[in-house]
Amino acid sequence: MAINVDATLAGIHPRSEETVKMSRDFDRLRATKEDLDSIFETDGKNLVKLQLESDFSRVSDGQLLWQDLLRPFSENLDGLQGGADLFRWFDTNTFFRKPYVLKHVKLPKKESSFILNYEIQPALSLAKEAGVKKKIAIPGPYTLSSLVDDGHYKKSRRGELVNDFANVIRKLLKNLAALGYESVQLNEPSLVYRYGTSALTNKKELKSFIAAVEDNLDSPPIPLSLHTYFGDCSPILERLLDLDGISEIGIDFTQTSLDSIEKVDFGDKALGCGCVDGRNSLVETPEWIAEYCVDAVRTLDPSGVVILPSSELKYLPRMVADEKIRAIGKAVSIVKRRLN
Amino acid sequence: MSGDKSKLLPLQEIGSIAKPPWRVKGVNNDSRISESDIENAELWGERLGVKEYQKLIDVLSHRSQSTIPPTDEEKELIRDYSVEYVLSLFENVGLDRVYSGEQWRVEMYEHLVRNIKGFKLLGSVHSFDYKYFTKGAIVEQPEFIHPIHLEEFQFVKSHTKRVVKIPVTGPYTVVDWSFNEFYETAARKKAKGRRIDLRRTYFEARRNFIMDLVKNALRPEVESLIKNGANWIQIDEPAVTTRPDDEEMQLFADAINALTHGFNGCVFSVHNCYSDYKLLAKYSVELKDISQLALEFANRDSTDLGTDKEFRPGYADLKHFENEGYEGGFGLGVLHVHDFSGKPGKGATIEGRNVLESPKLVRDRILFASKLLKNPDRISVNPDCGLRTRDWETTFKKLKAMAEGAELARAKLS
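Residues numbered from 1 in each chain as written. Chains lettered and ligands numbered in written order. Predicted model: local features only at pLDDT ≥ 70, side-chain atom pairs only at ≥ 80, totals over all residues. Heavy atoms only, no water.

## Topic: the overall build of chain B
How we decide: Secondary structure elements are taken from DSSP: a helix is a run of H or I of four residues or more, a strand is a run of E of two residues or more, and numbering for both begins at the N terminus. With the radius of gyration taken over C-alpha atoms, the globule rule is written as 2.2 Å times the number of residues to the power 0.38. Note on contacts: a residue pair is in contact if any heavy atoms of the two residues lie within 4.5 Å.
Along its length, chain B carries 14 helices and 13 strands. Against the 2.2 N^0.38 benchmark of 22 Å for 414 residues, chain B shows a C-alpha radius of gyration of 22 Å, consistent with a compact globule. For chain B, the spread of C-alpha atoms along the three principal axes comes to 70 × 60 × 45 Å. Contacts in chain B between residues far apart in sequence, at least 24 positions, make up 76% of those at least 6 positions apart.

Structure, rendered in structure tokens:
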């Protein structure tokens, strides 16, 4: 039987050098908001065009306006206050502003379509015109709960916090569907992060994550994928594959060895094959990517495969990240040929 | 050991100082010197007693009228004066160990890799909000092509009588902040035909990169400095403990030992900040030639007065080093160098986004550390990190408070 082969980005894409310059100028009061909006529009359009040229089936605007993965949430959810303090984003050399939990976290009624404010709409219109799926990556409930400064739930009610974030996502999915999204990826680096506490090291936390997803995201209105990265997912992969509401599990193969999961049964789930290193500038050849993906598919027997970077590409300069998109695009056709 | 036995609690600088506006604009072909830039140079030249600063004012005045880009000679003169200004600032407040405030350098990473063969700067990477940094990749074997810091060192040495302590960006940080193309390619080639474990490949490539960087580029650099009279080198390693596991920490220790091994007559110190000191302490005893760890503590401390542990939570981390058996010296960070949020305690005041430590707060921080270490001879006193994010007025006030606080501590200890 033919297997579906797709390609997509894993989240926030780097800004172009022109956007970097303009945003720096804006920050130093040497450029206007109109100048900045205009350069972001050009940047987003170029990125969507590149994904279309590279045969990506799920296309995003690179989430170029997102200052960090949590920012739209910390700026808009009820119960959260946008933080001023910068914290290191995992073991990268980038930083995020840690939100503070003031009270019960929920989706605001008035601003329920807040994602709209972080979209580059003229860029996403190009995707719509081309008839491809509009995609977005958002932080998953466990990662959200791990990265906030919790002044409300405290340790004993951590499960409740994870559940409340899952509930926010459940409601948000309806809004995203209304905004035309056809693919939503939950980014969950905290589940498997190789350093420090994670669901790998704390069974109780894994249990609360599983329960939160089962209770809130069992039948999502949009296909949901879950991408694990910055750590080895092998110890918890089978538990993730049991989640009914998740149709695709993404694996960061720079951290998880294929050997360690070769006995895992993917069943009806698709594989997000994150073999393209999102944190190194060495651009993989299409042949190398294809070879890795074919091996992964033959080993794990998933229902489909999506080729994507191991993590967001925002850790790379734009020129390199774009090269990685092109390489993934070429790899898709090789994989299709070899598997079908 | 402190490296300077003549004085209890010697004072030292630790990193970069903000480049004055006339320094930034004066060497930029597209910028124009303004009246306020000239006033700034006059004000600080006069206040710090910089020798012959009028020469700088003349050049800046000329630049403010000119529409053609500055000549190389003008750029050099402006850059050199910025070093003299920093040295005068340090000497004025009474620092014993000084350097250039890194006025000659673009920035601690870029300056180094631009001058080592094998690196290629690839472009901008997001740091946060609308802030970015330039990141490079190693694309061939690293190679020393010419001394990188020698000219700067010689200039500083000829303009001060204080102990000169040269900061050099450390191998672990350079590798952690660079992409690894060359060694990753080699490692993947080695694995050809077999299923590849990218995590193992990555680490092997990282080890090969760091060891070659030390051997082929950083050791020759250190050697050239020592041959020309350098007797204190500070190895800056802010990236250490970013990846907190034993394999990575061993890599750091191995690289530092490979870098410092066999050089006589030079003190080596390591600067690290905003880090996991429990983990660093575990490996501090493995750093065979390191005489001092210069660390940030003020950032994690309270601003209340007092020498009991309830008032000095930031300095309690020193005990990790004691528990591990580390016997070397400390560069004790006593000044917070970033924006301060919250309400200060009785030992500090707020000016804008700056916290200004009082001399008494500095004193209490030193006295607590002395008590914990049981030996004040092991302590040198410095800011947490470079003060480059503070304006000169704030920097001056902070360093002055540091010097006065150390004097108060000396009086108590002697």
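## Quick word on the overall build of chain A
Note the following rule: To sort residues, take the accessible area from a 1.4 Å probe on protein chains only and compare it with the maximum for the residue type: under 20% means buried, over 50% means exposed, and anything in between is partly exposed. The Shrake-Rupley method, run with a 1.4 Å probe sphere, supplies the accessible areas, and residue values consider only the shown protein chains as cover.
Regarding its fold elements, chain A presents 11 helices and 13 strands. Against the globule reference of 20 Å for 340 residues, chain A gives a C-alpha radius of gyration of 19 Å, in line with a compact fold. For chain A, the C-alpha atoms occupy an extent of roughly 50 × 50 × 35 Å along the three principal directions. The burial tally for chain A puts 62% of its 340 residues in the buried class. Long-range pairs, those at least 24 residues apart, make up 76% of the contacts in chain A with a sequence separation of at least 6. Within the structure as shown, chain A displays about 13,300 Å² of accessible surface, and the carbon and sulfur contribution to it stands at 47%.

## A closer look at helix H2 (residues 33-53) of chain A
Residue and element names in this part refer to chain A. In plain terms, the rule: The span you would expect from a helix comes to 1.5 Å times its residue count less one.
Between its first and last C-alpha atoms H2 spans 30 Å; for 21 residues at 1.5 Å apiece the expected length is 30 Å, and the two agree. Residues Leu36, Ile39, Phe40, Asp43, Gly44, Leu47, Val48, Leu50 and Gln51 constitute the buried set of H2. For H2, the elements touching its buried residues are helix H1 (17-27), strand E2 (58-59), helix H4 (121-130) and helix H11 (318-339).

## Focus on the pairing of strand E6 (residues 100-106) of chain A
Residue and element names in this part refer to chain A. Selection rule: Any two strands between which DSSP finds at least two bridges are classified as paired.
By the bridge criterion, 3 bridges tie strand E3 (residues 78-81) to E6 in an arrangement that is antiparallel. Within E6, the residue paired with Gln81 across the bridge is Tyr100. Where E6 and strand E8 (residues 149-150) come together, 2 bridges link them in parallel fashion. Residue Val101 lies in a different strand from E8, and its bridge partner there is Asp150.

## Concerning the nonpolar core
Applied cut-off: We define a nonpolar core as any set of buried Ala, Val, Leu, Ile, Met, Phe, Trp, Tyr and Cys residues linked to one another through side-chain atoms lying within 4.5 Å.
Formed by 120 residues in total, the largest nonpolar core has its most connected members in Leu176, Phe253 and Ile289 of chain A. At 10 residues, the largest contribution of residues to this core is made by H11 of chain A. Those residues in contact with Leu176 of chain A, other than ones at most four positions away along the chain, are Ile115, Ile136, Tyr181, Val184 and Ile222 of chain A. Listed in part, the 113 residues of the second largest apolar core include Trp104, Ala187, Ala239 and Leu318 of chain B.

## Some points on the interface of chain A and chain B
When the parts come together, some accessible area is lost, and that loss is often what is quoted as the size of the interface. This is how it is decided: Here the quantity called buried area is the accessible surface, traced with a 1.4 Å probe, that two parts lose on coming together, added over both. Should a side-chain nitrogen of Lys or Arg be within 4 Å of a carboxyl oxygen of Asp or Glu, the pair is scored as a salt bridge.
Contacts between the two partners involve 47 residues from chain A, matched on the other side by 31 residues from chain B. Buried surface at the junction of chain A and chain B, summed over both partners, amounts to about 3,600 Å²; 49% is from carbon and sulfur atoms. Of all residues in chain A, Asn93, Tyr195 and Leu282 of chain A bury the most surface against chain B, accounting for 16% of the area lost on that side. The interface formed by chain A and chain B holds 7 salt bridges in total.

## Re the sheet that holds strand E1 (residues 4-7) of chain A
Residue and element names in this part refer to chain A. The test is simple: Here an angle of 0 to 180 degrees is reported between the N-to-C directions of two axes, which are lines fitted to C-alpha atoms, with helices fitted over the stretch in contact.
What the 8 strands build is an open sheet, ordered E1-E13-E12-E11-E10-E9-E7-E2; its pairing is parallel. The sheet is open, and its two borders are formed by E1 and E2, each paired with just one other strand. Judged from the 4 bridges that link them, E1 and strand E13 (residues 304-309) form a sheet pairing that is parallel. Looking at the pairing, Asn4 lines up with Gly304 of E13. Its contacts with the sheet place helix H6 (residues 158-178) against strand E7 (133-139), strand E9 (181-187) and strand E10 (224-228), and it is angled at close to 150° to E9.

## Looking at a negative patch on the surface
Here is the rule we go by: The patch calculation keeps residues exceeding 30% relative accessible area without a salt bridge and links them within 9 Å when they carry like charges or within 5 Å when they are nonpolar (Val, Leu, Ile, Met, Phe, Trp, Tyr). Here Asp and Glu are counted as negative and Lys and Arg as positive; His is not counted, and neither are the chain ends. We put the charge of a Lys on NZ, of an Arg on CZ, of an Asp on CG and of a Glu on CD.
On the surface, a cluster of negative charge is contributed by Glu214, Asp215, Asp218, Glu238, Asp242, Asp244, Asp265 and Asp301 of chain A. Relative to the elements of secondary structure, Asp244 of chain A occurs in the loop between helix H9 (237-241) and strand E11 (246-252).

## Description of the packing of aromatic side chains
Stated precisely, the cut-off is as follows: Any two rings among Phe, Tyr and Trp, with Trp reduced to its six-membered ring, count as a pair given centres within 6.5 Å; such a pair is stacked if its planes are under 30 degrees apart, edge-to-face if over 60, and tilted if neither. Comment: the charge-over-ring label is applied if NZ (Lys) or CZ (Arg) is within 6 Å of the ring centre and within 35 degrees of the ring normal.
Summed over the entire model, instances satisfying the criterion amount to 30 aromatic pairs over all chains. Each ring, one from Trp89 of chain A and one from Phe90 of chain A, has its centre 4.8 Å from the other, and the planes form 85°; the classification is edge-to-face. A relative accessible area of 10% places Phe90 of chain A in the buried class. Within the aromatic cluster, the residues linked to one another by ring pairs are Phe87, Trp89, Phe90, Phe96, Tyr193, Tyr195, Tyr229, Phe230 and Tyr315 of chain A. Above the plane of the ring of Tyr181 of chain A lies Lys134 of chain A, whose end atom (NZ or CZ) is 4.4 Å from the centre. The cationic tip of Arg79 of chain B hangs over the ring face of Trp104 of chain B; the distance from NZ or CZ to the ring centre is 3.7 Å.

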